Structure formats: structure tokens, C-alpha cells
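A closer look at the structure
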Amino acid sequence: MGSSIELNNKDFNELSQLVYNECGINIHKGKLELLKSKIAKRMRVTRIPSSSTYLKHLKNDKTEITEFIDTVTTNHSFFFRENRGIEAIIARLSQQNTGTNKNFRLWCAACSTGDEPYSVAVQMLERGLSFSLLATDISHSVLETAARGVYNAERVKNVPTAILHRYFQKGTGSRKGYIRVRDEIKRHIVFKKFNLITDPIPTQPFDVVLCRNVMIYFDNPTTEKVVNKLHQALVPGGLFTIGQAESLLNLNHRFRPIKNIPSTHIK
Ligand SMILES: C[S@@+](CC[C@H](N)C(=O)[O-])C[C@H]1O[C@@H](n2cnc3c(N)ncnc32)[C@H](O)[C@@H]1O
């Protein structure tokens, strides 16, 4: 990943502080080369030949900060990722729903390219549950992909065949090897830009909030702030689910873990 960019200590510290303040991502010294390669990438795109001029531009231009954050975020995701927890949450909602026809409110709070909210949506539909789903991310480029709903077929390899046939269309001709999410699923989802660090939570509370595989990039004080913010976004008894590699241990929070649902907590 070698790049010819010079980045002195002062610039590195300023830049990592800017990223931390803007999106909570903690870039430590071990990520110096990675950071340099991201700067080099943005210098090419913006056609700014000198790194010191680029850094000045970055510090003073909100749009460029957004673009830069876009390059430093990790967007890896795939359909039906860590699905045992989602399955169990949906089974629980289904039990709560007997005799009523509640419209559940769900929020995927770091939805990346849409794989997660679409995975949740198709399973809610399979159970015959009514719902609306807010899917948010800090990165505008992943949200564009999410709204398009077209993916390399590799990404859906964990999706059960029956669900794949019901809710996805297979590409043909030049689209061979791609799949498209059917419009009837998209109708249930609103994709929107949302920064977990700086944006205020939506006013109407949710029954379920998923915030998976993003807090691994945050330090403890930031994770604690985000967890407590999302606590406020839930109805009493609402469910909060995190990634398998994440934990609420050693944080100050008011959630109670749910024993039989992996990585899930109740308000
Ligand atoms: C690794 S993806 C996880 C996607 C999905 N939740 C999953 O588990 O597959 C992490 C996402 O968090 C987003 N992200 C990073 N910092 C964020 C912030 N401060 N606010 C909102 N989203 C953020 C990134 O843009 C990225 O799309």
C-alpha cells in the first residue's frame, strides 16, 4: 500500500482527530500508511497535487470532509450476515403480534450497502409482519448502492433459495451474475444519511434498533455515547442488537442482555 505522500506527526494527529470528531472512527498510528493511501486517493480525485494543499482544503471544506470520511469507512457487508440473531428477533416480534396487526418500526443504524436492511425486510415479509424500516449510514456512496438494490450474486449466497426466488430478480444478458431486489421490498425501507456521532435521533421511537459491526471502529467512550443515544431511540421493551464481535461489557448503559438471542439487549 506504499504511497509517496509525506504526513508529519502534526498533520497525522490533526487528521485523525478530524476523522474521530466527525464520525467516531479511531485511527491510531498503526494506520498511518492506510491514511496516506486515502489522502493520495482523494488528491487524485480532486486533482490537488500537493498533500499540504490537500490537507488545508480538507480542513476547510465540509464537502471534502464528507468525501474523505467516505473513503475511510469500512463498508463490508453481505446478505444474511450473522443471521441467527435477526431470525430470533423476528420470531419474537411474530409472537408479540398474535391477535394484533402491529406495524413494527425498525432501524438499521449503520446499514452500509443495504444487505442488512433488505435481509431483515425479506424475513419480516416471510413472517407476514407489517413494518417500516429506516436504514441509515454516514456514507452517501453506500446509500446510493443500497437504494439501487443491485448486487453481485456472490453477496446473496447465504440467502435461502426460496427467499431468493420470491424477493430477488436474476440478471440476464449483460446483467448475468447480478441480482436485483424487487420493488415490493424497497417500498418498506427509507434510506437516509445519518451520522451516529453528530445527528439527533429520530423523534418517533423504534421497536428494534440494529447497530452491527460499526462500533468495532469506535473507542469505548464513543461506543458508550452511541449506545446510550440509541437506547433513547427505542420504545420501552425495544430490542437493541449489535455485531457478534462487539460487546457492551465495560460500558455504562441501561440495557439488559437477552439470553436466548445472540448479541441482543432489551430496553
Ligand atoms: C462494516 S459496515 C457494517 C454494515 C452492516 N451493519 C453489517 O453488519 O453488515 C459499517 C458501516 O458503518 C458506517 N459508519 C461508520 N461510521 C459511522 C457513523 N459515525 N455513523 C453512521 N454510520 C457509520 C460505515 O459507513 C459502514 O457502512
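Moving on to the sheet that holds strand 10 (residues 264–266). Taken in spatial order, the seven strands make up an open sheet running 6-2-1-7-8-10-9, and their pairing is mixed. Strand pairing shows two members of the sheet lacking a second neighbour, strand 6 (189–193) and strand 9 (256–257), which therefore form its edges. Strand contacts of helix 10 (residues 220–232): strand 1 (103–108), strand 7 (206–211) and strand 8 (234–242), with the helix running at about 140 degrees to strand 8, the strand carrying the most contacts.

Another point: the layout of surface pockets. Roughly 230 Å³ of volume is contained in the largest pocket. Surrounding the largest pocket, 16 residues form its lining, Arg-105, Leu-134, Lys-192, Pro-202 and Phe-206 being those nearest its centre. Those elements that provide at least two residues to the lining of the largest pocket are strand 1, strand 2 (130–137) and strand 6. Top element by residues in the lining of the largest pocket is strand 2. It accounts for four residues. Considered class by class, the residues forming the lining of the largest pocket number eight nonpolar, five polar and three charged.

Here we take up helix 5 (residues 83–96). Across its 14 residues, helix 5 extends 20 Å between first and last C-alpha, which sits within 8% of the 20 Å expected from 1.5 Å per residue. Where helix 5 is concerned, the buried positions are Asn-83, Gly-85, Ile-86, Ile-89, Ile-90, Leu-93 and Ser-94. Against strand 1, helix 6 (115–126), strand 7, strand 8 and strand 10 lie the buried residues of helix 5.

Let us look at the packing of aromatic side chains. As enumerated under the stated definition, the model contains eight aromatic pairs in all. Aromatic side chains Phe-240 and Phe-255 sit 4.7 Å apart centroid to centroid with 15 degrees between the ring planes, which places their arrangement in the stacked category. You can see Phe-240 sitting in strand 8 and its partner Phe-255 sitting in the loop between strand 8 and strand 9, a full 15 residues away along the chain. The exposure class of Phe-255 is buried, given its relative accessible area of 6%. What links up through ring pairs into an aromatic cluster is the set Phe-79, Tyr-118, Tyr-151, Phe-168 and Phe-191.

Below, the discussion takes up the domain arrangement of the protein. Domain boundaries in the protein define domain 1 (9–72) and domain 2 (83–266). Here domain 1 is connected to domain 2 by zero salt bridges. For the pair domain 1 and domain 2, the interface holds eight residue pairs in polar contact (both at pLDDT 80 or more). Those elements that provide at least two residues to the side of domain 1 that touches domain 2 are helix 1 (9–23) and helix 4 (62–72). In terms of residue class, the side of domain 1 that touches domain 2 is made up of four nonpolar, four polar and three charged.

Around the ligand sit 20 residues, and of these Ser-77, Arg-81, Ala-110, Asp-137 and Asn-213 come closest. Here a nitrogen atom of the ligand and a backbone polar atom of Cys-23 are 2.9 Å apart. Here the ligand, which alone exposes 600 Å², has 99% of that area covered by the protein. Under a 2 Å grid-point criterion requiring more than half of the atoms, the pocket assigned to the ligand is the largest cavity. Across the shell around the ligand, the residue classes tally to seven nonpolar, nine polar and four charged.

Our focus in this paragraph is the sheet that holds strand 5 (residues 178–181). Pairing within the open sheet is antiparallel, and its three strands lie in the order 3-5-4. Each of the sheet's edge strands pairs with one partner strand only, and the pair in question is strand 3 (150–152) and strand 4 (168–170). For this sheet, the mean inter-axis angle between neighbouring strands, taken without regard to orientation, is 30 degrees. The pairing of strand 4 with strand 5 spans three bridges and is classified as antiparallel. Within strand 5, the position partnered with Lys-170 by the bridge is Ile-179.

Reading the values: rules and limits
- Residues numbered from 1 in each chain as written.
- Predicted model: local features only at pLDDT ≥ 70, side-chain atom pairs only at ≥ 80, totals over all residues.
- Heavy atoms only, no water.
- Pairing = 2+ DSSP bridges.
- Helix = DSSP H or I, 4+ residues; strand = E, 2+ residues; numbered from the N terminus.
- Contact = heavy atoms within 4.5 Å.
- Axes fitted to C-alpha atoms, helices over the stretch in contact; angles between N-to-C directions.
- 1 Å grid on protein atoms, 1.4 Å probe; cavity = no way out; pocket = protein on both sides within 12 Å on 5 of 7 lines; lining within 4 Å.
- Points joined across faces, edges and corners; volume = space filled by probe spheres on them.
- Nonpolar A, V, L, I, M, F, W, Y, C, P; charged D, E, K, R; others polar.
- Expected span 1.5 Å × (residues − 1).
- Buried < 20%, exposed > 50% of the residue type's maximum accessible area, 1.4 Å probe, protein only.
- Phe/Tyr/Trp six-rings, centres within 6.5 Å; stacked < 30°, edge-to-face > 60°.
- Domains from an automatic or database assignment.
- Salt bridge = Lys/Arg side-chain N within 4 Å of Asp/Glu carboxyl O.
- Polar contact = N/O pair within 3.5 Å; in protein donor to acceptor, adjacent residues only side chain to side chain.
- Near = heavy atom within 4 Å.
- Areas by Shrake-Rupley, 256 points an atom, 1.4 Å probe, with all protein chains shown as cover.
- Sits in = over half its atoms within 2 Å of the grid points.

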